[in-house]
Amino acid sequence: MSILLKNVHLLESPENERTDVLIRDGKIAVIGKGAADSAKETAGCETTDCSGRTLMPGLINCHTHAYMSLMRNYADDVPFATWLFDRIAPVEDSLSNEDAYYGNLLSIMEMLRTGTTAFADMQMFPRMAVKACADSGMRALITRGLVGESRDDEGAKRRLQEAFDEMEYGKEIGAPCDFGLGPHAIYTCGKDLLRYVGELAAEKDLRVHIHLAETQYEFDTCMKEHGKTPVEYLDSLGLLDREILLAHCVYLTDGDYELLKRPNVHVVTNPASNAKLANGFAPVKRMLEEGIQVALGTDSAASNNSLNMFGEMRLLTMAQKGVSKDSLALTAPETLDIAVKNGAAAIGRCDLGAAEEGKTADLILIDENAPSLRPLYNRKASLVYSASGYEVTDVMIGGKFVFRTGEYLTIDAEKVLFETERIAARYR
Ligand SMILES: [Zn+2]
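As the structure is a computational prediction, the values presented were derived from the model and not from experiment.

### Topic: the nonpolar core
Among the nonpolar cores identified, the biggest contains 134 residues, and Ala129 and Leu246 are the most heavily contacted of them. Sorting elements by how many residues they give to this core places helix H3 (residues 97-113) first, with nine residues. Two domains each provide a minimum of three residues to this core, namely domain 1 (2-57 + 361-408) and domain 2 (63-346). With sequence-adjacent residues up to four places away left out, Leu246 is seen in contact with Ile210, Leu212, Val265, His266, Val267 and Val268.

### With respect to the domain arrangement of the protein chain
What the domain assignment lists for the protein chain is domain 1 (2-57 + 361-408) and domain 2 (63-346). With 20 residues of domain 1 in contact, the opposing surface of domain 2 contributes 23 residues. At the level of elements, helix H15 (379-386), strand S15 (392-397) and strand S16 (400-404) are the ones that each hand at least two residues to the side of domain 1 that touches domain 2.

### Quick notes on the sheet that holds strand S10 (residues 207-212)
Spatially, S6-S7-S8-S9-S10-S11-S12-S13 is the arrangement adopted by the eight strands of the open sheet, whose pairing is parallel. Edge positions in the sheet fall to strand S6 (59-64) and strand S13 (293-296), since each has one partner strand and no second. Across the sheet, the axes of successive neighbouring strands diverge by a mean angle of 25°, strand direction being ignored. As defined by bridge partners, strand S11 (residues 244-248) adjoins strand S12 (residues 265-269) across four bridges and the pair is classed as parallel. Residue pairing in the sheet places Ala247 in a bridge with Val268 of S12.

### Re the pairing of strand S7 (residues 116-123)
Most of S7 sits inside the fold, with eight of its eight residues counted as buried. With four bridges connecting them, S6 and S7 associate as parallel partners. Paired with Leu59 across the bridge in S7 is Thr116. Across six bridges, S7 lies against strand S8 (residues 139-146) in parallel orientation.

### Quick word on H15
Of the positions making up H15, those classed as buried are Arg379, Ser382, Leu383 and Val384. Buried-residue contacts for H15 involve strand S5 (53-57), helix H12 (309-324) and helix H13 (332-339).

### Some words on helix H5 (residues 154-173)
Taking 1.5 Å of rise per residue, 20 residues should cover 28 Å, and H5 covers 28 Å from first to last C-alpha, within 8% of that figure. Of all the residues in H5, the buried ones are Ala156, Arg159, Leu160, Ala163, Glu166, Met167 and Gly170. Here the buried residues of H5 occupy an arc of 115° about the axis, which is enough to place them on one side. Those residues of H5 that are exposed and aimed more than 90 degrees away from the buried face are Glu154, Arg158, Gln161, Glu168 and Glu172.

### Things to note about the pairing of strand S9 (residues 177-183)
For S9, the tally of buried residues reaches six of seven residues, placing the bulk of the element in the interior. Following the backbone out of S8, through H5 and into the adjacent parallel S9, one traces a crossover that is right-handed. Viewed along the sheet, the connection from S9 through helix H6 (residues 191-204) into S10 turns out right-handed.

### Overview of the environment of Phe119
By the secondary structure assignment, Phe119 is in strand S7. Classification of Phe119 as buried rests on a count of 29 C-beta atoms within 10 Å. C-alpha separation for the pair Phe119 and Leu240, spaced 121 residues apart in sequence, amounts to 22 Å. Here Phe119 is in contact with Asn61, Thr64, Ala66, Met111 and Ala140, once residues within four sequence places are set aside.

### Details of unusual backbone geometry
Residue Asn305 is reached from Asn304 by a cis peptide bond, and omega for that bond is 5°. Note that Asn305 resides in the loop between S13 and H12. The amide bond that connects Arg374 to the next residue, Pro375, takes the cis arrangement and shows omega of -10°. Its place among the elements puts Pro375 in the loop between strand S14 (363-367) and H15.

### Digging into the packing of H13 against H15
At a minimum axis separation of 9 Å, H13 and H15 run at an interaxial angle of 70°. Taken together, the axis directions place H13 and H15 in an arrangement best described as roughly perpendicular. Relative to H15, the crossing made by H13 is left-handed. Contacts between H13 and H15 involve Ala332, Pro333, Thr335 and Leu336 from the former and Lys380, Ala381, Leu383, Val384 and Tyr385 from the latter. Looking at the contact of H13 with H15, its residues break down into seven nonpolar, one polar and one charged.

Each value, and the rule that gives it
Counting restarts for each chain: residues are numbered from 1 in the order of the written sequence. In view of the model being predicted, local features appear only for residues whose pLDDT reaches at least 70, and side-chain atom pairs are presented and counted only at 80 or more, with totals across whole chains, interfaces and linings using the full set of residues. Definition of nonpolar core: a set of buried Ala, Val, Leu, Ile, Met, Phe, Trp, Tyr and Cys residues joined via C-beta atoms within 7 Å. Around each residue's C-beta, the other C-beta atoms within 10 Å are counted; 20 or more make the residue buried, 12 or fewer make it exposed, and counts in between make it partly exposed. All C-beta atoms are placed from the backbone. Secondary structure is summarised from DSSP: a helix means a run of H or I of at least four residues, a strand means a run of E of at least two, and numbering begins at the N terminus for each. Either an automatic procedure or a domain database provided the assignment from which the domain bounds are taken. For the purpose of contact definition, each residue receives a C-beta atom placed from its backbone, and two residues are in contact when these atoms lie within 7 Å. Pairing between strands requires that DSSP locate at least two bridges from one strand to the other. Between N-to-C directions, angles cover 0 to 180 degrees, with each direction set by a line fitted to C-alpha atoms, over the stretch in contact for helices. Multiplying one less than the number of residues by 1.5 Å gives the expected span of a helix. Arc definition: directions from the helix axis to the C-beta atoms. By definition, the crossover connecting two strands over a helix is right-handed if that path, from the first strand to the second, turns clockwise as seen with the strands pointing away from the viewer. Should an angle fall under 35 degrees it is called roughly parallel, over 145 degrees roughly antiparallel, and 65 to 115 degrees roughly perpendicular, with every other angle called oblique. Crossing handedness is read from the near helix: turned anticlockwise from the far helix by less than a right angle, it gives a left-handed crossing, and turned clockwise, a right-handed one. Three classes are used, and their members are as follows: Ala, Val, Leu, Ile, Met, Phe, Trp, Tyr, Cys and Pro are nonpolar, Asp, Glu, Lys and Arg are charged, and the others, Gly among them, are polar.

Now the structure itself:
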């Protein structure tokens, strides 16, 4: 299957330069003059005129909980502990697998619609996430959420078993998913379980995905119980030696920066969730200055309440500029790199995150005629400071269109909306 995208504007090209891009076997095969000639030699190549559109790699949402879109706008304007333990957790506990499947699909619909082509998920319903990805063509790093005291804890054992079962299931059904382990947090997982997750991750070459240093309360409790900051504590259990995604990292000490400065450690900042739950803003400007790798996530639609990475990019740069009183903090190109390139590195997919020959074709097209982007002085600035995300017209994952000229090709959108309203009716 080959697709020739004609007359596209690549984000990295000079403002007025247009080019052709040939996609073949899921990859970006040729960019530039040779693309049309190669397309002629490729049987059954489909050609699309992309005049008036910008082509860029898809955004990568590095921290979310996709099934939780079922709880969007269900528990707002309440304290963090009330939000999590009194409002969200009881609903979560009452969801069926089928409910979670539709919740996952609803999230995937929103992510595709706003240009996200891969996400890192901490899941309580991993099988349903894997199925939703396989059915929709969405790419993901699925990490099974884990809680419990130790490796002997029955609940933890069951969830770990599920994590490994879903990896097999994903392979069986050909889901475009990678897998990892998702110990929820240092306050919901005991020392022994965390240590064990690190051992398993090393043994099986899996990524770890955890919430860390999200709240002042978590920081203070960790200092009181372990005499260490959350970052020091996790390091003492060996987890910072693994490939790891650390969601949040809002509360850091000077010493923590040193510990996070490792090529295998990826901080995932979630500015909207942190702001909405009144946890502050992560010191992203300083993290970048210190040489720490930072990717971007939305967290769930229950705490954001959106999975739109364009909105997240805008808030990220605005918050860093506002808090540091430095208008040069996090420029538009730096913000895009965080949302795309750093995201690809965080999920362990260096074949993604760039519109270059040889890379996997996870790409999006953006309507340059959207009034929100005009006049077009500077495309990167337009995308970070002005775009809403709804300027995205087409989304391709692994060389296949999954969203085209505003239509979902792999999802029955009407059914998903009907089913999610039916589920929500139970909680009204
Ligand atoms: Zn989260």
